[in-house]
Every structure is written in C-alpha cells, then in structure tokens.
Amino acid sequence: MSMDLYLLAITFLAIVIVILGVSWWKWHAFISLTVASLFLAILSGMSMDKIVSAYETGVGGVLGHLVGILALGTILGQMMSESGAGMQVAHFFVRLFGVKKLPWAMLLSGFIIGIPVFFEVGILIILPLVISIHKTTKQNILLIALPVIAGLSIVHGLVPPHPGAIAAISIYKANLGKVLLYSLIIALPAAIIAGPLFAKWIHKRVIPEGEPELIRINMTAKTMPGTGISFFIILLPVILMVLSAAAPYMPLPKGLMKFFTFIGSPIVALLIACFAAFYFLGIRQGMSKKDIKKLTDKCLLPVGSIVLIIGAGGGFKQILIDSGVGDTIAKMSEHLSLSPLILAFLIAGLIRIATGSATVALTTAAGIVSPIIEHMSGVNLELLVIATGAGSLMFSHVNDAGFWMVKEYLGLTMKETFKTWTVLETILSFTAFAGALLLNMFL
C-alpha cells in the first residue's frame, strides 16, 4: 500500500509541475508536460532505457489520430471565416433564435453534430461558427462556446458509436440499442445543466482576457456566400460521417459500403470538405488560388503549438499508464464494497484523472468491473455502460487533449480553462451519473 500511495503522491506532484510550469514559471505547455513526464517516469522507477520510448509511444498514439484532423479542421474553419460563410450562418442563427436563445441553439448544434463525430472534430467544425457569433453579437464567448462543448462532450462520453461506449458495450455484453436509447435520455438533461445553464452563470464571473487567435475572422472573399452553401460546407463532413456510421446497417453492396466507410473517416471527410470549401467559398467568391494557398499557410502556423501540446499530453498519459498509476488505482478500487454502478463510476473517474483520456478510462474501468459483476444478478448492464461513461468525463485537466484544445482555440488562460472546461466536464459527469442512478430505480 505504501508503494501505491507513493505513486499517487508523485503523480500529484507531476500535475503540480505542469500547472506551475505554465502559470508561474511561464514555460510553454509542451516543456511543462515533458518535464512532468520525465519527473514521474524517473521517480516511479521506470527503466531509463524505456522512458523515452514510452513518451514517444504516447505522443505518436495521440497525434497519429489527431494531427491530420487538426490541420484539415483548422483549414476548413479558416475558409468558413475568411469567406464570410461563418458570418452567414451566425446571422441566420441570430435572426432565427434571437440573441437571448443562442446558447440553446448552440447546445443542440453541438449535441446533434457530436453524435457521429469525435469531440476534436466537432470542436473544429463548429468553432468558426462560435467565433463568428461572438464577433457578431459581441457577447462573452463562453456563453456561446460552453453549450456547444457540453453537447459535443456528453455524446462523446456516453453515446454509441463513439469508441469508448462501443468498447464498454462489448466488454459488459450490453445491448447496443438500449444503451443508445438510455444514453440519449440521460445525455440531454446533463448537457442542458452543464451547457446553457452553467454558461449563463459562469459568463458573468469569468471574462476571458484574450481573444480566439487560431481561427481569425477576417474577410478575404469579394462576395459573401449564400446561407444554404454555408450550411452545406459546415455540415458536409458530418453528413459523410453519418453515412459512414449508417453504411453497415444499410442493404448496400460490399464495395459501396466500404466506399462510404472510407469517405466517412474523419480525415477523408474533412479533406473532401476542404476541397468543397476551396471551390464554393473561395474560387466562386472571388478568391484567387494564391489567396487560398496564402490563407492555408497562415492558418497552419499556429497549429504547430497546439500539436506539440497535445502530443506532450499524450506522452504524459503514456508515462502515467506505464509507470503503473492506472493499475494502482484499479487495485485500490477493487477492495471497495460498492454497488457496481457506483464502483464503475469511481474507477472510471480515477483513471480519467490519472490518464486524461475518456476512452482509456471507459475501456479500462469496464475491464476492471466486468469480472466483479460476472456472478452478480440484477445488474442493469446498459446503465452500467452509462455510469462508466459518466465517470470517464470528470475533472479534465492538463493531461487531457480536450483541455488544451479548449484553452488554445478559445484563447483562455490556464485559470479560465479550469474554471470553465474542467467544471463543465465535472458537472456533465455527476449529472449523467445521477441520471443513470435515477433510471436504475425504475428499470
């Protein structure tokens, strides 16, 4: 037990190094995360020859999935911004809902777009819209952005076909259809509380010091695109991903099904959307090829910083796993005599705090809880998936790629990100868990 407590203590110190490095010593977040990773690896007793390879594995693991998505999503966002398409969509929402109801419109946008796409992709699809509305209405960006983020995050954590939920369904042998139904019933109220309601409260208390810089709103096109084509471009990657998710359940020839799966993968869907944007939002609106090339080069430069930060976060996560922190939490949790739903929620939460990944927390916790419930009767497996998913969302901090994406793309400080994003994720987590417990009383 003393070794377990030692591991938890040095993990806590490593997280403190990251926070102090960025906020007090003014290091770049990449440097802070790398130093914290080496500190944790050395003090946990990892073999010197394995530390660097573990760090590199973590960096490669997260960036292999994200780097292309980040680049293409940023290009698409910049095209939306510079062409005026983002402004067109923003004006449409302002006219349709009025300024007072905008947070609710943004929540629904995030919730619906988030079902077929990864959280990171959803952020990059909707962000230009958020920034455009912020510029148009002059409102605090948190009032508009937080409801979108709440909608995207809750479906990523709970709702199939997201990978964590699918993995947990497989491990627990739960019914996919029931999980989908229950998760939607639970996810929407949780997103309402953590989105529009929390945003309404927090935007009066946190006024961001900076402005979003990674996607700037500067008109380059000579004429504004129509509202219809603006909506089409922003929804094109979503439509392609929905087709990909639906293809296995449709009566299609095998070749066509594989084609839909291919064009619906996030990186290909975003690439297609970028080319559509180059033509419909660029060339047709009077931009020259040289303008589009210049715009692409300009918007990719700031992405280098966020790629480094997210990569270092992945390295930190891998060191946390390889140093045995995840196993330590698992062993400590197994000795607790609790209801399976509560146990799954707590284990997933602790692993999420330690590793930073909702998907890792969900799948690892499911693997730990699965043998414990094997000989139990009366356990609602579908709600167990949701309780585990709820736990995997809590207390996002410096080892989570989502934390850095929200911070960098919304132009927030570390302190502002903790007060908004971290609190929002924790509200989502506990509200969804309460929903699962409530539903469990009636099922």
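Residue positions are given per chain, counted from 1 along the sequence in the order it is written. Reporting in this predicted model follows two pLDDT cut-offs: at least 70 for local features of residues, and 80 or more for side-chain atom pairs to be given and counted; totals over whole chains, interfaces and linings ignore these cut-offs and use all residues. Only hydrogens and water are set aside when side-chain values are computed; all heavy atoms of the structure are taken into account.

Engineer: Any chance you could explain empty space enclosed by the protein here in plain terms?
Structural biologist: A cavity here means a set of 1 Å grid points, computed over protein atoms only, where a 1.4 Å probe fits but cannot escape. A pocket is an open set with protein on both sides within 12 Å along at least 5 of 7 lines, and lining residues have an atom within 4 Å of a point. Grid points are joined across faces, edges and corners, and a volume is the space filled by probe spheres set on the points. Applying the stated criterion across every chain yields a total of two cavities of 30 Å³ or more. Here the largest cavity is characterised by a volume of approximately 40 Å³. Contributing to the lining of the largest cavity are I123, I126, L127, V130, A145, V148, I149 and L410. Of all the secondary-structure elements, those providing two or more residues to the lining of the largest cavity are helix 6 (119–137) and helix 7 (141–158). Going along the chain from the N terminus, every DSSP run of H or I of four or more residues is numbered as a helix, and every run of E of two or more is numbered as a strand. Top element by residues in the lining of the largest cavity is helix 6. It accounts for four residues. Each residue gets one of three labels, nonpolar for Ala, Val, Leu, Ile, Met, Phe, Trp, Tyr, Cys and Pro, charged for Asp, Glu, Lys and Arg, and polar for the others, Gly among them. Residues belonging to the lining of the largest cavity are distributed by class as follows: eight nonpolar, no polar and no charged. Volume-wise, the second largest cavity comes out at about 30 Å³. As for the second largest cavity, its lining consists of H156, G157, H162, P163, G164, A358, T359 and L362. Elements represented by at least two residues in the lining of the second largest cavity include exactly helix 7, helix 8 (163–172) and helix 17 (358–373).

Engineer: How should the pattern of salt bridges be read in this particular structure?
Structural biologist: A side chain with one charge can pair with a side chain of the opposite charge if their charged atoms come near. Each reported salt bridge corresponds to a side-chain nitrogen of Lys or Arg within 4 Å of a carboxyl oxygen of Asp or Glu. Within this structure, the stated rule accounts for five salt bridges. The shortest N-O distance in the salt bridge between R352 and E425 comes to 2.9 Å. Placement of the pair is R352 in helix 16 (residues 340–355) and E425 in helix 20 (residues 414–442), with a sequence separation of 73 residues. The pair formed by R352 and E425 is uniform in burial state, with each residue classed as buried. Across the salt bridge formed by K407 and E408, the nearest N and O atoms sit 3.1 Å from each other. Among the charged side chains, a salt-bridge network with shared partners connects R352, D400 and E425. Relative accessible area decides the class of each residue, using a 1.4 Å probe on protein chains only: under 20% of the type maximum gives buried, over 50% gives exposed, and in between gives partly exposed.

Engineer: How should I be thinking about the layout of surface pockets in this particular structure?
Structural biologist: Where empty space is left can be seen by rolling a probe of water-molecule size over the atoms. Looking at the largest pocket, its volume works out to about 500 Å³. Together, 29 residues line the largest pocket, and V62, E120, K317, S357 and T359 are the ones closest to its centre. Sorting the residues of the lining of the largest pocket by element identifies helix 3 (48–83), helix 6, helix 7, helix 14 (303–322), helix 16, helix 17, helix 19 (401–410) and helix 20 as the ones contributing at least two each. Element by element, the count of residues in the lining of the largest pocket is highest for helix 3, at six residues. Here the residues of the lining of the largest pocket sort into nine nonpolar, 15 polar and five charged.

Engineer: Before we go on, may I ask you to explain the packing of aromatic side chains in this structure?
Structural biologist: The relative placement of two aromatic rings is captured by the distance of their centres and the angle of their planes. Aromatic pairs are defined between Phe, Tyr and Trp rings, using the six-membered ring for Trp, whenever the two ring centres lie within 6.5 Å; interplanar angles under 30 degrees are classed as stacked, those over 60 as edge-to-face, and all others as tilted. Applying the stated criterion to the full structure yields eleven aromatic pairs. When the centroid spacing of 5.0 Å and the interplanar angle of 75° are considered together, the rings of Y279 and F280 count as edge-to-face. Judged by relative accessible area, which is 42%, Y279 ranks as partly exposed. Aromatic side chains F345 and F433 sit 3.9 Å apart centroid to centroid with 5° between the ring planes, which places their arrangement in the stacked category. Here F433 lies in helix 20 and F345 lies in helix 16, a separation of 88 residues in the sequence. Among the residues examined, F345 registers a relative accessible area of 3% and is labelled buried. By way of ring pairs, the aromatic residues W24, W25 and W27 are connected into one cluster.

Engineer: Whenever I open this one, the nonpolar core confuses me. Can you help?
Structural biologist: The nonpolar side chains of a soluble globular protein tend to be buried, and buried together. The biggest cluster of nonpolar side chains holds 148 residues, and the ones touching the most others in it are I149, I154 and W404. No other element matches the 14 residues that helix 3 contributes to this core. Residue contacts are defined here by distance: any two heavy atoms, one from each residue, within 4.5 Å place the two residues in contact. Beyond its immediate chain neighbours, meaning those up to four positions away, I149 contacts F119, I123, V406, L410, W421 and L424. Here, nonpolar core refers to any group of buried Ala, Val, Leu, Ile, Met, Phe, Trp, Tyr and Cys residues whose side-chain atoms link them within 4.5 Å.

Engineer: Mind showing me how you'd approach unusual backbone geometry here?
Structural biologist: The bulk of non-glycine residues show a negative phi, and the bulk of peptide bonds are trans. Phi angles above zero are rare outside glycine, and K138 is one such case at about 60°. Along the polypeptide, K138 turns up in the loop between helix 6 and helix 7. In the Ramachandran plot, K173 falls in the positive-phi region, its phi being about 60° despite a non-glycine side chain. When you line up the elements, K173 lands in the loop between helix 8 and helix 9 (176–202). Residue class for K173 comes out exposed when judged on its relative accessible area of 70%.

Engineer: Just to check I follow, could you spell out the state of the cysteines for this structure?
Structural biologist: Note on terminology: disulfide describes a covalent bond linking the sulfur atoms of two cysteines. Cysteine sulfur pairs qualify as disulfides if the two atoms are within 2.5 Å. Per the counting criterion, the structure on display carries zero disulfides. With no disulfide of its own, C274 has C299 as its nearest cysteine by sulfur position, at a separation of 8.5 Å. The class of C299 is buried, set by a relative accessible area of 2%.

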